[in-house]
Each structure stands twice: as C-alpha cells, then as structure tokens.
Amino acid sequence: MPKKKKKKAAVKKKPAKKKSKKKAKRKTKAKPVKKVKLNVIGVVTHYFPKVNAAVVKLKKPLAVGDTVLIQGSTTHFKQKIESMQIDHEVISKAKKGNEIGLEVKDRVREHDLLVKP
C-alpha cells in the first residue's frame, strides 16, 4: 500500500490590522480676559452690625461727601459718605493708610472693596 501523504493544512494569515491614525486634537487656548482696573480706595476689615458701621483700611484719601461703590462677592451698592471717624472722633477727610470707621447703609463683609465709581 502506498503511503498517503499528509497534506499540510494551509495556514491562513490574518489580514494585518490597519493602524488607525488619530489626529491630535488641537487644544484651543482660552483668550485672556481683560482685567478691569478698579480705582480701589480701601478694604473693609471689620463690620459692626448693631451700629451699621464698617472699619476700612484706606489705600487712597477719602472725604465726607464722596460717593463710593462697595463691592464684594455678595455685596454691591453705592452710597455717599456721610459720617467718618478715627478713634471715635468725627473727621471730614482721611489720608492714605488710615483705618477709619465708616457708617454704611447696608451689610458689608471683610475684604469688600471701596471703589471710586
């Protein structure tokens, strides 16, 4: 009997996987926000709710009769300066660097800014 030749099974090659080329997404840079320069007069350092008075550290001079805007994270109102004090003495003008007591018409918080409108 003749020997049967074994047929080699044909090895099927798997088709090569296509390499997917991912395009790099461009990250859009946020445009810089223009900062509005505020004319800051002072910063609130303390508030006395019973007498509606704020202690303000001045960065610029301030006088009775000036109109100021008080701005903060939850505070925003405009008022005319009617009463100022240093060490319980009424004054009409205050210099840069003074810490004054200021009568306010609404609640203010620490770090609120007094701004010249």
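(A) Just the overall build of the protein, in detail. The helix and strand tally for the protein stands at 0 helices and 10 strands. Ordered by position in the sequence, the α and β elements of the protein form the string β-β-β-β-β-β-β-β-β-β. Residue burial in the protein is summarised as follows: out of 117 residues, 26% are buried. Of all intrachain contacts in the protein linking residues separated by at least 6 positions in sequence, the fraction that spans at least 24 positions is 59%. When the accessible surface of the protein is split by element, carbon and sulfur atoms take 55% of a total near 10900 Å².

(B) A look at the side chain of Thr-75. Relative to the helices and strands, Thr-75 resides in the loop between β4 (67-71) and β5 (76-80). Looking at Thr-75, its side chain comes within polar contact range of the side chain of Arg-109, at 3.2 Å. Not counting the four nearest positions on each side in its chain, Thr-75 is found in contact with Ile-70, Arg-107, Val-108, Arg-109 and Asp-112.

(C) Just the layout of surface pockets, in detail. Estimates place the volume of the largest pocket at around 290 Å³. Forming the boundary of the largest pocket are 16 residues, of which Ala-53, Gln-85, His-88, Gly-101 and Leu-102 lie nearest the centre. Elements supplying a minimum of two residues to the lining of the largest pocket: β2 (53-58), β6 (84-86) and β9 (99-103). Sorting elements by how many residues they give to the lining of the largest pocket places β9 first, with 5 residues. Of the residues contributing to the lining of the largest pocket, the split by class is 8 nonpolar, 5 polar and 3 charged.

Rules behind the numbers
Residues numbered from 1 in each chain as written. Predicted model: local features only at pLDDT ≥ 70, side-chain atom pairs only at ≥ 80, totals over all residues. Heavy atoms only, no water. Helix = DSSP H or I, 4+ residues; strand = E, 2+ residues; numbered from the N terminus. Buried < 20%, exposed > 50% of the residue type's maximum accessible area, 1.4 Å probe, protein only. Contact = heavy atoms within 4.5 Å. Areas by Shrake-Rupley, 256 points an atom, 1.4 Å probe, with all protein chains shown as cover. Polar contact = N/O pair within 3.5 Å; in protein donor to acceptor, adjacent residues only side chain to side chain. 1 Å grid on protein atoms, 1.4 Å probe; cavity = no way out; pocket = protein on both sides within 12 Å on 5 of 7 lines; lining within 4 Å. Points joined across faces, edges and corners; volume = space filled by probe spheres on them. Nonpolar A, V, L, I, M, F, W, Y, C, P; charged D, E, K, R; others polar.

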